[in-house]
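Observations on the three-dimensional arrangement
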Amino acid sequence: MWLPLHTVCSRSQTVCRRSFAAVRANFIANANASLFSHSAGLAAQTYTALLYRKHGDPSQVVQLEDVALPPIGAKDVLVKMLAAPINPSDINMIQGTYAILPDLPAVGGNEGVAQVVEVGSQVKSLKTGDWVIPKDAGLGTWRTEAVLAEDDVISLPNDIPLLSAATLGVNPCTAFRMLSDFEDLKPGETVIQNAANSGVGQAVIEIAAARGINTINVVRDRPEFTQLSDRLKAIGATHVIKEEALRRPEIKELFKACPKPKLALNGVGGKSATELLRHLQFGGSMVTYGGMAKQPVTVPVSALIFKDVKVRGFWVTKWKKDHSNDGRAFRAMLDELCHLIQQGKLTAPACNQVGLQDYSKALDAAMQPFTSAKQVLIM
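Scoring rules and cut-offs
- Numbering of residues begins from 1 in every chain and follows the order in which that chain's sequence is written.
- Note on the predicted model: pLDDT of at least 70 is required for a residue's local features to be given, and 80 or more for side-chain atom pairs to be given and counted; whole-chain, interface and lining totals, by contrast, use all residues.
- Values reported for side chains reflect all heavy atoms of the structure, with hydrogen atoms and water molecules removed beforehand.
- Think of it this way: a Phe, Tyr or Trp ring, Trp meaning its six-membered ring, pairs with another when their centres are within 6.5 Å, and the plane angle makes it stacked under 30 degrees, edge-to-face over 60, tilted otherwise.
- Starting at the N terminus, helices and strands are each numbered in turn, a helix being any DSSP run of H or I of at least four residues and a strand any DSSP run of E of at least two.
- Remark: exposure states derive from per-residue accessible area (1.4 Å probe, protein chains only) relative to the maximum for the residue type, with buried under 20%, exposed over 50%, and partly exposed in between.
- Only lysine NZ and arginine CZ atoms are considered, and such an atom sits over a ring when it is within 6 Å of the ring centre and within 35 degrees of the ring normal.
- Should DSSP find at least two bridges between two strands, the strands are taken to pair.
- What counts as an axis is a line fitted to C-alpha atoms, over the stretch in contact for a helix, and the angles between N-to-C directions run from 0 to 180 degrees.
- Here, residues are in contact when the closest pair of their heavy atoms is within 4.5 Å.
- Note that patches include only residues with greater than 30% relative accessible area and no salt bridge, and the join distances are 9 Å for like charges and 5 Å for nonpolar side chains (Val, Leu, Ile, Met, Phe, Trp, Tyr).
- Shrake-Rupley sampling with a 1.4 Å probe provides the accessible areas, and residues are treated as covered by the protein chains on show and by no other component.
- We define a salt bridge as a contact between a side-chain nitrogen of Lys or Arg and a carboxyl oxygen of Asp or Glu at a distance within 4 Å.
- To estimate the expected span of a helix, subtract one from its residue number and multiply by 1.5 Å.
- Working rule for angles: under 35 degrees goes down as roughly parallel, over 145 as roughly antiparallel, 65 to 115 as roughly perpendicular, anything else as oblique.
- Each crossing gets its hand from how the near helix is turned against the far one by less than a right angle, where anticlockwise is left-handed and clockwise is right-handed.
- Each residue gets one of three labels, nonpolar for Ala, Val, Leu, Ile, Met, Phe, Trp, Tyr, Cys and Pro, charged for Asp, Glu, Lys and Arg, and polar for the others, Gly among them.

1. Regarding the packing of aromatic side chains
The tally for this structure, following the rule as stated, stands at three aromatic pairs. When the centroid spacing of 5.9 Å and the interplanar angle of 75° are considered together, the rings of Tyr-98 and Trp-315 count as edge-to-face. With Tyr-98 in the loop between helix H4 (88-95) and strand E6 (106-107) and Trp-315 in the loop between strand E16 (310-313) and helix H12 (316-322), this residue pair connects regions lying 217 residues apart in the sequence. Overall, Trp-315 belongs to the partly exposed group, its relative accessible area being 26%. Above the ring of Phe-176, the side-chain terminus of Arg-211 is found at 5.0 Å from the ring centroid. Above the face of the Phe-255 ring, Lys-260 is positioned so that its terminal group lies 5.6 Å from the ring centre.

Structure representation (structure tokens):
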């Protein structure tokens, strides 16, 4: 497991923690004595990690430190981290506002790709040179190396682009499941989404395009709207519109070119979500996966009574937990996503690659509004 060792579980919407006291105490002791000299660090076999010991503003509580690397057990693998993005959920975990929180001190990051450099004597599914990503959230990926259990990771083909691998486990999986699990979408049908320039939004565009599904992509107005629209259309967006266009009569002209949407994907909340609902066809579904506006979703009574719309939520972390006992669904999804990547039909979102030593700059950039590029830490 990626240290610090912790388990986070959900039970009846309540988050609970099981703390491995002895291992955590050992980690804390190592972390508290973390600033080794070069000679001592080499002797102790350390790795470098972005740690936080308390919740708060990431720019204040995250520190780059050296931590002792534990021994490799029979069912463990030693990996070298290659790249790890900074996602909104990572920021929320550090702030202490996310639905699941690791025990402290903790290493930041929930997503990333690593290369196996050594395997334990009883490891069967992995070999040296394999690329792997975490199976679940909360494992701490902002580090240079890690010793982890074989069962905590899943392999990827190492012939896909590095940035695609590093950003595969959260946003494309979220997009894939929402396009697959809520409505039976046929080629020629339509999906509408807000936050279309987000990592999830871009993955929705490309996966939908590969399936022949139309996308109506809503973004907030900005000075570079034309450039953003052109970029989203270049990766397969059918239509790109500003939020205010949802409330204007010309939206009716758009529905002459494609059917009304059967599925709406909401990553914003507030008025934006209500406007998506207004344009759903009878019996359609709106799936909420984020709330960037930090405002509640308001559902008009008329939409429920006269259009029989379905209002759902989706959290990819819960989906992974629900399917953790049988890895076939996760494996099949990753295989299909990697096949799209190999065909050039699914690409990494716009990324800024930042060295681990420059983490402060990356954290600051990740927290800015109107951010279309994902910050990716390169180890």
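2. Description of the sheet that holds E16
Spatial strand order, E13-E12-E11-E14-E15-E16: six strands in an open sheet with parallel pairing. Two strands close off the open sheet at either side, each with one partner strand: strand E13 (239-242) and E16. Strand-to-strand twist of the sheet, defined as the mean angle between neighbouring strand axes without regard to direction, takes the value 20°. In this sheet, strand E12 (residues 214-219) lies alongside strand E11 (residues 190-193) in parallel orientation, the contact comprising four bridges. The residue of E12 that forms the bridge with Ile-192 is Ile-216. Running over the sheet, helix H7 (residues 199-210) touches E11, E12 and strand E14 (263-266) and is turned about 165° from E12. Against the sheet, helix H8 (residues 225-234) engages E12 and E13, with an angle of about 155° to E13.

3. What about the sheet that holds strand E3 (residues 46-52)?
Read across the sheet, three strands follow the order E4-E3-E6 without closing on themselves; strand pairing throughout is antiparallel. Only two strands of the sheet have a single neighbouring strand rather than two, namely strand E4 (62-68) and E6.

4. Looking at a nonpolar patch on the surface
Together, Val-297, Val-301, Leu-304, Ile-305, Phe-306 and Val-311 make up an exposed nonpolar region whose accessible area comes to about 560 Å². The element best represented in the nonpolar patch is helix H11 (residues 301-306), accounting for four residues. Inspection of the secondary structure puts Ile-305 in helix H11. Of the residues examined, Ile-305 reaches a relative accessible area of 55% and is grouped as exposed.

5. Some points on H7
In a regular helix each residue adds 1.5 Å, so 12 residues correspond to 16 Å; H7 covers 17 Å between its end C-alpha atoms and thus fits that length. For H7, the full list of buried residues reads Gly-199, Val-200, Gly-201, Gln-202, Ala-203, Val-204, Ile-205, Glu-206, Ile-207 and Ala-208. For H7, the elements touching its buried residues are helix H6 (171-181), E11, E12, H8, E14 and helix H13 (328-342). Gly-212 sits one or two residues past H7 and shows a positive phi near 75°.

6. Focus: the pattern of salt bridges
Applying the stated rule across the entire model yields 14 salt bridges. Across the salt bridge formed by Asp-181 and Arg-177, the nearest N and O atoms sit 2.7 Å from each other. Of the two residues, Asp-181 and Arg-177 both sit in helix H6, four residues apart, roughly one turn of that helix. A relative accessible area of 38% means that Asp-181 is categorised as partly exposed. A salt bridge links Lys-318 to Asp-322; the shortest N-O distance between them is 2.9 Å. Note that Lys-318 and Asp-322 are positioned in helix H12 at a spacing of four residues, about one turn of the helix.

7. Looking at the packing of H6 against H7
Packing of H6 against H7 brings their axes to within 8 Å, and their N-to-C directions diverge by 50°. In terms of orientation, H6 and H7 fall into the oblique class. Crossing geometry of H6 relative to H7 is assigned as right-handed. Within the contact between the two elements, H6 uses Asn-171, Pro-172, Thr-174, Ala-175, Phe-176, Met-178 and Leu-179 and H7 uses Gly-199, Val-200, Ala-203, Val-204, Ile-207 and Ala-208. By residue class, the composition of the contact of H6 with H7 is 10 nonpolar, three polar and no charged.

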